[in-house]
Amino acid sequence: MQPDTDPPIAEFRATTKMFGEVGAARDLNLSIRKGEFLSFLGPSGCGKTTALRMLAGFEAPTSGDVLIDGERVNDLPAHRRPVNMVFQHYALFPHLDVTDNISYGLRQRRPRPAAAEVAQAVEQALETVRLPGYGRRRIWEMSGGQQQRVALARAIINQPKILLLDEPMAALDRKLRRDMQIELQSLQRSLGITFILVTHDQEEALSMSDRICIMRAGRIVQIGSPRELYDRPNSRYVADFVGKSNFFAGTVSRVEATGTALAVAGGLRIIGTAAPGLAPGQTASASLRPEQISLAHGTTTADGTTCVPVRVVNRIFLGEHTEYLVQHDDLGAFLVLVPRQAEASEGSFEPGEPAFAIWRDGTALILPEDA
Amino acid sequence: MQARHRTALFLLPAGAWFVTMLVLPLVVVLVFSFGERGEAGGYSPAFVLDNYFNLPARWTAFQNTLTLAPVGTLACLLIAYPLAYFLAVRASEKWRTLLLVLVIVPFWTSILIRSYAWIFILGGQGIPALISAMGLGDIKLINTPFAVLTGIVYGYLPLMVFPIYVSLERLDKRLLEASADLGSPPWRSFLQVTLPLSMPGVATGCMLVFILLMGEFLIPAILGGGKVFFVGNALVDLFLQSRNWAFGSAVAVALVVIMLVTVTAYMRLTSRWAGGRDDLSLM
Ligand SMILES: Nc1ncnc2c1ncn2[C@@H]1O[C@H](COP(=O)(O)OP(=O)(O)OP(=O)(O)O)[C@@H](O)[C@H]1O
Ligand SMILES: [Mg+2]
């Protein structure tokens, strides 16, 4: 990935797309860095595909600009743009075999490249997506996973400046999807092409991307690396979307450099780091990740910790961790993730048993309520 | 065993229909074609090849049929394709239904009446009068091959439009986006994606129109005025006027053979285009 200072490979500048009254994308502002793996993440209908289609040239922005490689491309038709797309359902040409599908892009070039050159490029592309020898197969003779590789080969053979992927793995089963994710990621590294992936699978976005752009109702809510989004979400929406989290609603009672206190139900106070702009008296939510909370059989009075009595409701074994659902009289139900060794030293907790939930003060995030 | 018996039982009605409606008449015609004309017309049993040796006497009818059927099919295709394309791809939802209905409306009246209407349009008082009034010289349209061709295109256009319309309508629009995405301008996407993928519709339409045209007799009778006649007209004449059933049968057998040969060749050709794909097969 290039450093921040280099010119971006693509940009949205105050880009808005309206479909009649529906604002599919609103006031998008985003710089895409050369060579990065960027994901658009968000629930269904939030405008991810629309954003991608504006880059591909299938939709023109209603207002604002789309730039590719420094050039304003609002009115550049799709066939003249240096980007390629892997479609959600692949959109492979049913009347052409695998080779002719893959070579389609090269064959559109004028002047036409030599046949031998095209054939060699196809061979190499098939090699890259690990389908050597499948060239003369018909599309409907290929499995879903193989078709997806053909779609990938058909796009990367053109060496686009940006590869756009619209939920390319949505139709694959879980295991195959995992394999393809790893392959895509290593392919992106070796090709050095900028990848923009649209997905509503947070795990997929977290595991593959250099940066994630979280969208909600046509707007970008937060952009950052997976770690930034996980550790410092700027809203309850993001914290909820990226990983699991417990939320406790309350009122901001004190804002200090050392920590912000949120008064929650039952006279409890949760101390945490506040998002900028929070003032005392405002309503907000404290976000505590399940792994930030621990469980104990006995209470503790250690400094800088909060300990509340709970009752164990449910237990889910996850291998390295065990996830407990616990109930507190005032805070309600929340999740606690207990690592295996902690369980080994503390003993396990049976549903119905009383226990104590403990977290270190300051670890919570105090987030404004979503608008 | 059980299952096989049951299958046979289910196939019985279809089989009976096939035998009585298709095979039996053909056998009768075949037998008749080797017979002789009866004293008072009709058929009298015999086994001679005279009827087949006499076929050249109807050469003009075969010639007309074998030129105007393919030319008519081609003319229908050339007019129907753009029309179907417009309906399926360009027309807005609102207009599409209305226009489709307009394509069918002529079917609501008999082809006989509609063809008579063309007599007026192409006859002395119609277009030729208009042209000579404009001082562009005298032309004759009615009772010419052109008149028959016009009638054919007019009558058979809907049969060509619908299969093509269906195949264009079914075309996945995302394939055109993929084509554009891969650098193909719209007109080349049409040639490389739309056209090949609409070939099943084209093949079906051509087949339908061609087969029906080979047996056509109404349009040539009305608009050809006895000057441009088809094999169908020859059959009408032989069976109803001169009552030579034996010779008529030989002509009919010849027509069936010609049709079988051309249709088989045509199917071979189109299935080669389709690359043996199931969903690209004819109907
Ligand atoms: N061609 C269109 N005409 C009208 N409305 C559209 C069109 N395309 C998208 N929309 C609307 O724009 C909004 C965003 O759609 P978009 O396809 O970008 O969502 P998405 O985030 O990709 O969702 P999904 O995850 O379900 O694919 C939706 O409300 C959708 O209904
Ligand atoms: Mg989408």
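Each remark here, short or long, concerns the structure printed above.
Being a predicted model, the structure only gives us computed values, none of them experimental. (Residues numbered from 1 in each chain as written. Chains lettered and ligands numbered in written order. Predicted model: local features only at pLDDT ≥ 70, side-chain atom pairs only at ≥ 80, totals over all residues. Heavy atoms only, no water.)

**Student:** Please explain the overall build of chain B as it appears in this structure.
**Tutor:** Looking only at helices and strands, chain B has 13 helices and two strands in total. C-alpha extents for chain B along the principal axes are approximately 80 × 75 × 30 Å. Classification of the 283 residues of chain B by burial places 42% in the buried group. Looking at chain B alone, contacts between residues at least 24 apart form 70% of all its contacts between residues at least 6 apart. Carbon and sulfur atoms make up 73% of the accessible area of chain B, which amounts to about 15,800 Å² in all. (Helix = DSSP H or I, 4+ residues; strand = E, 2+ residues; numbered from the N terminus. Buried < 20%, exposed > 50% of the residue type's maximum accessible area, 1.4 Å probe, protein only. Contact = heavy atoms within 4.5 Å. Areas by Shrake-Rupley, 256 points an atom, 1.4 Å probe, with all protein chains shown as cover.)

**Student:** In this structure, what is going on with the nonpolar core? I would like to understand it.
**Tutor:** In summary, soluble globular proteins display a tendency toward joint burial of nonpolar side chains. Ranked by size, the top nonpolar core spans 53 residues in total, and within it Met160(B), Ile164(B) and Val251(B) carry the most contacts. Among the secondary structure elements, those contributing two or more residues to this core are helix H3 (59-90), helix H4 (93-104), helix H5 (111-122), helix H7 (145-170), helix H10 (199-214), helix H11 (218-223), helix H12 (231-241) and helix H13 (245-273) of chain B. Looking at this core element by element, the count peaks at 13 residues for H3(B). Among all residues touching Ile164(B), those that are not within four sequence positions of it are Leu77(B), Ala80(B), Tyr81(B), Ala84(B), Gly201(B) and Val202(B). Counting 41 residues, the second-largest nonpolar core is a separate cluster that includes Tyr104(A), Ile162(A), Leu175(B) and Val193(B). (Core = buried A, V, L, I, M, F, W, Y, C linked by side-chain atoms within 4.5 Å.)

**Student:** Please clarify how the sheet that holds strand S2 (residues 22-32) of chain A should be interpreted in this entry.
**Tutor:** Either a parallel or an antiparallel arrangement is found when strands of a sheet pair, and the pairing is made through backbone hydrogen bonds. Residue and element names in this part refer to chain A. A sheet is described by the order of its strands in space; here four strands give the open sequence S2-S1-S4-S5, paired in antiparallel fashion. Here the strands that pair on one side only, and so sit at the sheet edges, are S2 and strand S5 (71-72). With five bridges joining them, strand S1 (residues 10-19) and strand S4 (residues 63-68) adopt antiparallel strand pairing. Bridge pairing in S4 links threonine 16 to serine 63. Each of S1, S2 and S4 touches helix H1 (residues 48-56); the most contacted strand, S1, lies at about 115° to it. (Pairing = 2+ DSSP bridges. Axes fitted to C-alpha atoms, helices over the stretch in contact; angles between N-to-C directions.)

**Student:** I tried to follow H1(A) on my own but got confused; where do I start?
**Tutor:** Quick reminder: α-helices carry 3.6 residues per turn. Residues three or four places apart thus point the same way. All names here are of chain A. Burial runs high along H1: eight of the nine residues are buried. Taken as a whole, H1 has its buried residues at Lys48, Thr50, Ala51, Leu52, Arg53, Met54, Leu55 and Ala56. The first or second residue beyond H1 is glycine 57, which carries a positive phi of 100°.

**Student:** Help me understand the packing of aromatic side chains in this model?
**Tutor:** Each pair of aromatic rings is reported with the distance of its centres and the angle of its planes. Enumeration according to the criterion identifies 15 aromatic pairs over all chains in this entry. Ring centres of Phe37(A) and Phe195(A) lie 5.5 Å apart, and the angle between their planes is 45°; this geometry places the pair in the tilted category. Of this pair, Phe37(A) sits in strand S3 (residues 37-41) while Phe195(A) sits in strand S8 (residues 194-199), placing them 158 residues apart in sequence. In this structure Phe37(A) comes out as buried when scored by relative accessible area, which is 1%. A residue is classified by how much of its surface remains accessible, and Phe195(A), at 0% relative accessible area, is buried. Through successive ring pairs, a cluster of aromatic residues spans Phe32(B), Tyr43(B), Phe239(B) and Trp245(B). Above the plane of the ring of Phe93(A) lies Arg154(A), whose end atom (NZ or CZ) is 4.9 Å from the centre. Seen from the ring of Tyr230(A), Arg289(A) lies directly overhead, with NZ or CZ sitting 4.0 Å from the centre. (Phe/Tyr/Trp six-rings, centres within 6.5 Å; stacked < 30°, edge-to-face > 60°. Lys NZ or Arg CZ within 6 Å of the ring centre and 35° of its normal.)

**Student:** Can you walk me through unusual backbone geometry in this structure?
**Tutor:** Backbone geometry follows two general trends: most residues other than glycine have a negative phi, and most peptide bonds adopt the trans configuration. Residues and elements named next belong to chain A. Along the chain, arginine 110 connects to proline 111 via a cis peptide bond; the corresponding omega equals 0°. Residue position: proline 111 is located in the loop between helix H3 (104-107) and helix H4 (115-128). You will see that alanine 91, though not glycine, has its phi angle at about 50°, which is positive. Topologically, alanine 91 is positioned in the loop between strand S6 (83-86) and helix H2 (98-102).

**Student:** What exactly am I supposed to notice about a nonpolar patch on the surface here?
**Tutor:** All names here are of chain B. A cluster of nonpolar side chains, namely Trp17, Phe18, Val19, Met21, Leu22, Val23, Leu24, Val27 and Val31, defines an oily patch on the protein surface of about 820 Å² accessible area. Within the secondary structure, valine 27 is located in helix H1 (residues 2-33). Classification of valine 27 by relative accessible area gives partly exposed; the value is 43%. (Patch = residues over 30% accessible without salt bridge, like charges linked within 9 Å, V, L, I, M, F, W, Y side chains within 5 Å. Salt bridge = Lys/Arg side-chain N within 4 Å of Asp/Glu carboxyl O.)

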